[in-house]
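# Tertiary structure, described
These are the residues of each chain, in order.
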There are 4 protein chains.
Amino acid sequence: MLYFMSDYTEGAHPKLLKKLCAENLVSMPGYGDDAACASAKEKIRAAFHRDDLQICFLTGGTQTNLVVISTMLRRYEAVVAAKTGHVSVHEAGAIEYTGHKVIELEAADGKLDAGVLAAYLETYYADANHEHMPFPGMVYISHPTEYGTLYSRAELDALSAVCRRYEIPLYLDGARLGYGLMAYDTDVGVDDIVRCCDVFYIGGTKVGALCGEALVLTRQNMPAHFLTLIKQQGALLAKGRVLGMQFDALFTDGLYWTISRHAIDMAMALKAAFREKGYPLYIDSPTNQQFVLLTDEQMARLGRDVAFSFWEKPDAEHTVVRFATSWATRPEDVEALKALL
Amino acid sequence: MLYFMSDYTEGAHPKLLKKLCAENLVSMPGYGDDAACASAKEKIRAAFHRDDLQICFLTGGTQTNLVVISTMLRRYEAVVAAKTGHVSVHEAGAIEYTGHKVIELEAADGKLDAGVLAAYLETYYADANHEHMPFPGMVYISHPTEYGTLYSRAELDALSAVCRRYEIPLYLDGARLGYGLMAYDTDVGVDDIVRCCDVFYIGGTKVGALCGEALVLTRQNMPAHFLTLIKQQGALLAKGRVLGMQFDALFTDGLYWTISRHAIDMAMALKAAFREKGYPLYIDSPTNQQFVLLTDEQMARLGRDVAFSFWEKPDAEHTVVRFATSWATRPEDVEALKALL
Amino acid sequence: MLYFMSDYTEGAHPKLLKKLCAENLVSMPGYGDDAACASAKEKIRAAFHRDDLQICFLTGGTQTNLVVISTMLRRYEAVVAAKTGHVSVHEAGAIEYTGHKVIELEAADGKLDAGVLAAYLETYYADANHEHMPFPGMVYISHPTEYGTLYSRAELDALSAVCRRYEIPLYLDGARLGYGLMAYDTDVGVDDIVRCCDVFYIGGTKVGALCGEALVLTRQNMPAHFLTLIKQQGALLAKGRVLGMQFDALFTDGLYWTISRHAIDMAMALKAAFREKGYPLYIDSPTNQQFVLLTDEQMARLGRDVAFSFWEKPDAEHTVVRFATSWATRPEDVEALKALL
Amino acid sequence: MLYFMSDYTEGAHPKLLKKLCAENLVSMPGYGDDAACASAKEKIRAAFHRDDLQICFLTGGTQTNLVVISTMLRRYEAVVAAKTGHVSVHEAGAIEYTGHKVIELEAADGKLDAGVLAAYLETYYADANHEHMPFPGMVYISHPTEYGTLYSRAELDALSAVCRRYEIPLYLDGARLGYGLMAYDTDVGVDDIVRCCDVFYIGGTKVGALCGEALVLTRQNMPAHFLTLIKQQGALLAKGRVLGMQFDALFTDGLYWTISRHAIDMAMALKAAFREKGYPLYIDSPTNQQFVLLTDEQMARLGRDVAFSFWEKPDAEHTVVRFATSWATRPEDVEALKALL
């Protein structure tokens, strides 16, 4: 079976395991207060060109989203997101479980438009009854989006400008950040992320780690007593070192970027293969997730040898499915898939 | 100043006050376990033609909505509502504060369409990832809607049929139920409400009471330990009698229907006046709320003598405003307003 | 049947009903933004000798407690209370439902001791692991306590001093505040309450109102967007005027104090009667709640003619029961009860 | 520096790392639906002698506690625990954050007594006002307790009997379960745990894993839609395989028991050393945590070469500290510590 089901179907990049094994018996304090976490933070600060970034490691993406949103919003505030955003659709109501509404705005190709955001905020504050509505207190975007698409630098700047005007933090979900920044044609780099966002996370789970996300705060805006808050949500890992060592390895010698680029290379080869074979692409994605429209016949046939994911069902005879590459995708698997198309 | 700002700008219908005064010094147990509540419940059961209705009195509309939704949903469930529903927009995130998402569907004139609902539910269950999404566990509608519109009997039946098919309770917010059932052309009566809904409430606050809503459960489906749950949300009134006596008076000699019909008469007179004077109606509302499109000049001029509510701003030069009548609206006030148009 | 079951078994003092009836048809804006609320606030400020008190009206005691505690605590904080406090025991877990722990300290006769509190806080901060515990973020006391007892001025000052030292607000639950301040021998007056507490409430439900509590903030410390927060908990009354008018009447010509003193007079007569007849008092209460130890035989016999409340069962043959007086207790009822002892 | 600070200061037992490395590049589905998890579950069922145990892997102890308690309690219920229980004291209010009260009962040496529990439950249901209190809906115990102590088989049976009588599930927090079951003199074995408990967890984090706890349900009582509930709390690991592989290794050839016994051997050697050198033991602990009373002078001197944990401060001149052993403790470190005493 060829695995293109998702970007979390293998373990960790071998260099991460090597690091975990090498320092396995070194004794370290718990809860992230260890040398491995400290070293990883320094390397991330260097990679993102800012000495003063506040960093904290968490275990998974939904967990990071709910910790960020629930600790940075005040109780009367809601988070604004694209209707197709991960927090809007695929987190089992995790944000609402923390007591906050997700205000869902219309989106195209997974992207929140600065104009749509500005119009919403203007209407909100113009409404004489807005004290009876939850306040928009944060804007959530993902980059790449859930549809594999990317914001341009100008789009990020525009979103950031709207957020600044309304004094609302901009939060970027970077579950696949490496795959976004290493896309072929993007004009968005690490400096843009840091400049535009008040808070973002660098995805590890989907980019080479066993588990782990690096949360980054760019404005000295880490909530007071953050450790206590994280503990309160069951998100404080006793052996924080497990996350620190993995991120240390990911940000040693640019490994995070190298493996991300590899996944992009594999995805672009896949995309070319689909095009060549006449399979319609549902979205023109420049990143590691490719969305293809299959007939029921194609789906049944391919499904015998290839694992991919259901995405949505546009009509009775077709299905949109997702093929994902990752740091672990082998060129021979792409070739093998191509042969099956 | 002429008051058309809302339907809760006066106290209570004098017969309710008379009842409160008459039995004021009679000693009764607390928390709704009193003779006045028992009598009111009996009268409501008679008015809605069902001996087995379970009834409970709460203080206000948002409170009733959050108690119903948070006690009847399981933790992994969300409530489905029109995008324009009160729970979606104007309750300050109260539902989300209880941990549950409001899944907002497109609506026309405030109404949730059975077809739209069915399509959503079908898509939801067809999605292979639906265990990562909150489950649709209840459907919320309001009647009249927030735009003053009404469901037809066929529409209610269709919604109810979809809910039954998916085994999801249908909850009807009847904050202005009297004004809906007493509209001139509606084919929906009390029996339809009871037949179609698993739970609904009969609004008191906006229909003649100082405060109070009568929650009605139609399928012996009152949550276990409901009193404890209500107390836990700070919604248990020590002197439950205050609500019981008012509903007893409202359902004595059909007062609830009489005063509701009066408000409809006043609203239809208002509507005729707007039409006669050439004011465009934003929505064709058959109930006590009338939505009118004003120019800025009209708004400023009328605003000097009349209190009405801001509704929304469709463009820079116009505003939609709401004029509400109620049990307390006097014919001479309608005449006076007409003279000012 | 003689009613001594609680202090909320009758309606409202007739002067409150008179006020509600007199202004019943005056149109006023909703949500507490009306002239009646404004007038009531002014009168309360005058009665408590401080022009700058921030005041807000809520419907009931548990509701007020949960609104205050959940809006004034930060997410990582807990409220500290006597083990026997109302928030600890009798609110169905309402505080925890808002996400906050009640840290329960040992108490004698319902009172939290400043020394016990200081020792707890000292130990807490001395604990190297205290970041893994909820922070003590507020102190809750009730006056009178749930056992009818009262703090002395020195005790209140001592509690206040500890709170100031740790920069924790002191919150006083005054569900029966009038009965406390009008006790015969207390040295605590309104100025002490205002000086010692950061926030407190003046109980209306148990002291002459149909419903309603007046929340008072003494340090310009009303939470931002308080109306939105209240709405979010379903605690915002559409017709805020109902609460405003009642508190206006309660604080006109000192009615609140007069009726409170009446209840004390009745309670002291009752206490004397119990003593005279040889019934052991379980607690020496100077306020409107009297706790008496009954044999099973006495309980059965009295229960035929008198309504009182179960309190606790110290052993198999005895029961502690509560007799409560109120603004509504008639001297002839006390006499009648005495005759039955 | 000698590390006796806690049982989570090293990585994982080498056999677990070996397993992770060996299967690292095998593609598997996400969210625990993989062969490694399935195999681990089978081995746990075999080790606990019951084919029908329902098992689920989570990341950490507090996370497991909050998931279990918040998904198994109904909204009006609270969990009953020892006053010194981990959920009562050291989880930053995590249980309350999910909306549930922890009812704290008096405990001796960390243990909840069946008699104390029964008395509480009896009093609770005898109280005529118990509908105003949160319902006791689960009993939480830890084994070993937070003080290293153990229940006897008779004590566990007695607790279980009380729970059955009141139809309340008994939940056992086994963060250090291996260290409890491998203690020298305990009469409690795996069959007792399964027989007495409705739900328990087998701690991995503190017993040889990088992270991970195995939640076990013994009565086919896994909550409906458990995956959705876990996701909603941010506790669903994308690469569930990481937990599965580790537990598979832990329960291969009895590794879990062997390494637990090793920690006990080390702890008993430490205990003997303390006794020999005249250091008073604060508690007579038969498990891997040893609590010693140090003078300030001893604490300062030992602190230069040994890492241990602060526990509590009984008076101004003494401190109770904890020395913990684990699967990773080396005999030479125990000898080195002994030499320093």
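The rules we used
- Residues numbered from 1 in each chain as written.
- Chains lettered and ligands numbered in written order.
- Predicted model: local features only at pLDDT ≥ 70, side-chain atom pairs only at ≥ 80, totals over all residues.
- Heavy atoms only, no water.
- Helix = DSSP H or I, 4+ residues; strand = E, 2+ residues; numbered from the N terminus.
- Buried < 20%, exposed > 50% of the residue type's maximum accessible area, 1.4 Å probe, protein only.
- Contact = heavy atoms within 4.5 Å.
- Lys, Arg positive; Asp, Glu negative; His and termini not counted.
- Charge placed at Lys NZ, Arg CZ, Asp CG, Glu CD.
- Salt bridge = Lys/Arg side-chain N within 4 Å of Asp/Glu carboxyl O.
- Domains from an automatic or database assignment.
- Buried area = accessible area lost by both parts, 1.4 Å probe.
- Polar contact = N/O pair within 3.5 Å; in protein donor to acceptor, adjacent residues only side chain to side chain.
- Phe/Tyr/Trp six-rings, centres within 6.5 Å; stacked < 30°, edge-to-face > 60°.
- Lys NZ or Arg CZ within 6 Å of the ring centre and 35° of its normal.
- Least-squares fit on C-alpha atoms with pLDDT ≥ 70 in both.
- Core = buried A, V, L, I, M, F, W, Y, C linked by side-chain atoms within 4.5 Å.
- Axes fitted to C-alpha atoms, helices over the stretch in contact; angles between N-to-C directions.
- Parallel < 35°, antiparallel > 145°, perpendicular 65-115°, else oblique.
- Left-handed = near helix turned anticlockwise from the far one by under 90°.
- Nonpolar A, V, L, I, M, F, W, Y, C, P; charged D, E, K, R; others polar.

## Let's talk about the overall build of chain A
Counting secondary structure elements, chain A contains 14 helices and 12 strands. Each of the three principal axes of chain A carries a C-alpha extent, and together these read 60 × 55 × 35 Å. Going through the 341 residues of chain A one by one, you find that 65% of them count as buried. For chain A, the share of sequence-separated contacts (at least 6 apart) that also reach a separation of at least 24 residues comes to 72%. Of the side-chain charges in chain A, 32 are positive and 43 negative, and the distance between the mean point of each set is 5 Å.

## Quick notes on the pattern of salt bridges
Summed over all chains, the structure comprises 94 salt bridges over all chains. Among the ionic pairs, D192(B) bridges to R195(B), the shortest N-O distance being 3.0 Å. One end of the pair, D192(B), and the other, R195(B), are both in helix α9 (residues 190-196), 3 residues apart, so they sit about a helical turn from each other. Residue classification places R195(B) among the partly exposed residues on the basis of a relative accessible area of 37%. Among the salt bridges present, the one from R195(D) reaches D157(D), with a minimum N-O distance of 2.9 Å. Remark: D157(D) occurs in helix α7 (residues 153-165) and R195(D) occurs in helix α9 (residues 190-196); sequence separation between them is 38 residues. Among the charged side chains, a network of salt bridges with common partners joins K19(A), E23(A), K43(A) and D248(A).

## Quick look at the domain arrangement of chain A
All names here are of chain A. Under the domain assignment used here, chain A contains domain 1 (2-7 + 255-340) and domain 2 (14-250). A straight line from the C-alpha centre of domain 1 to that of domain 2 covers 26 Å. At the interface, 24 residues of domain 1 touch 30 residues of domain 2. Of the roughly 2,200 Å² buried between domain 1 and domain 2, counting both surfaces, carbon and sulfur atoms make up 65%. Counting the surface domain 1 buries against domain 2, the share from its top three residues, L255, Y256 and W257, is 32%. Residues R176 and D7 are paired through a salt bridge, measuring 2.6 Å at the closest nitrogen-oxygen approach. Applying the counting rule to domain 1 against domain 2 returns 10 residue pairs in polar contact (both at pLDDT 80 or more). For the side of domain 1 that touches domain 2, the secondary-structure elements that each account for two or more residues are α12 (255-276), β9 (289-295) and β11 (309-315).

## Here's the deal with the interface of chain C and chain B
The interface is formed by 47 residues belonging to chain C together with 47 residues belonging to chain B. Where chain C abuts chain B, roughly 3,900 Å² becomes buried across the two surfaces, and 61% of that area is made up of carbon and sulfur atoms. For the chain C face of the interface with chain B, the top three residues by lost area are Y97(C), Q232(C) and K239(C), together amounting to 18%. Where chain C touches chain B, the interface holds 0 salt bridges. Counting the contacts that link chain C with chain B gives 26 residue pairs in polar contact (both at pLDDT 80 or more).

## A few points about the packing of aromatic side chains
With the rule as written, the count across this model stands at 84 aromatic pairs over all chains. For the pair F48(B) and W257(B), a centre-to-centre distance of 6.1 Å together with 50° between the ring planes defines the contact as tilted. Highlighted residues: F48(B) in the loop between α2 (35-47) and β2 (54-58) and W257(B) in helix α12 (residues 255-276), separated in sequence by 209 residues. Ring pairs connect the aromatic residues Y76(A), Y120(A), Y124(A), Y125(A), F135(A) and Y166(A), which therefore count as one cluster. Over the face of the ring belonging to Y151(A) we find K111(A), whose NZ or CZ atom lies 5.7 Å from the ring centre.

## Observations concerning the relation of the copies chain A and chain D
Turning chain A through 180° and shifting it by 0.0 Å along the axis lays it on chain D, with an RMSD of 0.0 Å. The relationship between the two copies is best expressed as a two-fold rotation axis.

## Side note on the nonpolar core
Residues F48(B), I202(B), F48(C) and I202(C) are the most contacted members of the largest nonpolar core, which totals 139 residues. What I202(C) contacts, discounting residues up to four positions off in sequence, is I44(C), F48(C), G174(C), L177(C), E213(C), A214(C), V216(C), F247(C), F251(C) and Y256(C). Within the second largest apolar cluster, 137 residues are counted, among which are L20(A), V162(A), Y179(A) and F251(A).

## As for the packing of helix α6 (residues 114-126) of chain B against helix α7 (residues 153-166) of chain B
All names here are of chain B. Relative to each other, α6 and α7 sit at 15°, their axes nearing to 8 Å. One element, α6, and the other, α7, form an angle in the roughly parallel class. In this structure, the crossing between α6 and α7 has a hand that is left-handed. Across the interface between the two elements, A114, L117, A118, L121, E122 and Y125 of α6 pack against A158, L159, V162, C163 and Y166 of α7. Grouping the constituent residues of the contact of α6 with α7 by class yields 10 nonpolar, no polar and 1 charged.

## Here we look at the interface of chain A and chain D
Contacts between the two partners involve 47 residues from chain A, matched on the other side by 47 residues from chain D. For the pair chain A and chain D, the summed buried surface comes to about 3,900 Å²; carbon and sulfur atoms form 61% of the total. Between chain A and chain D we count 0 salt bridges in total. Linking chain A with chain D are 26 residue pairs in polar contact (both at pLDDT 80 or more), by the criterion used here. Every element with two or more residues in the side of chain A that touches chain D is listed here: α1 (14-22), α3 (61-72), α5 (94-97), α10 (226-232) and α11 (241-250) of chain A. Of the residues assigned to the side of chain A that touches chain D, the class counts are 24 nonpolar, 18 polar and 5 charged.

## Thoughts on the side chain of E96(D)
Within the secondary structure, E96(D) is located in helix α5 (residues 94-97). Among the residues examined, E96(D) registers a relative accessible area of 1% and is labelled buried. A distance of 2.9 Å separates the side chain of E96(D) from the side chain of K101(C), its partner in a polar contact. Excluding residues that lie within four positions of it along the chain, E96(D) makes contacts with E96(C), G99(C), H100(C), K101(C) and V102(D).

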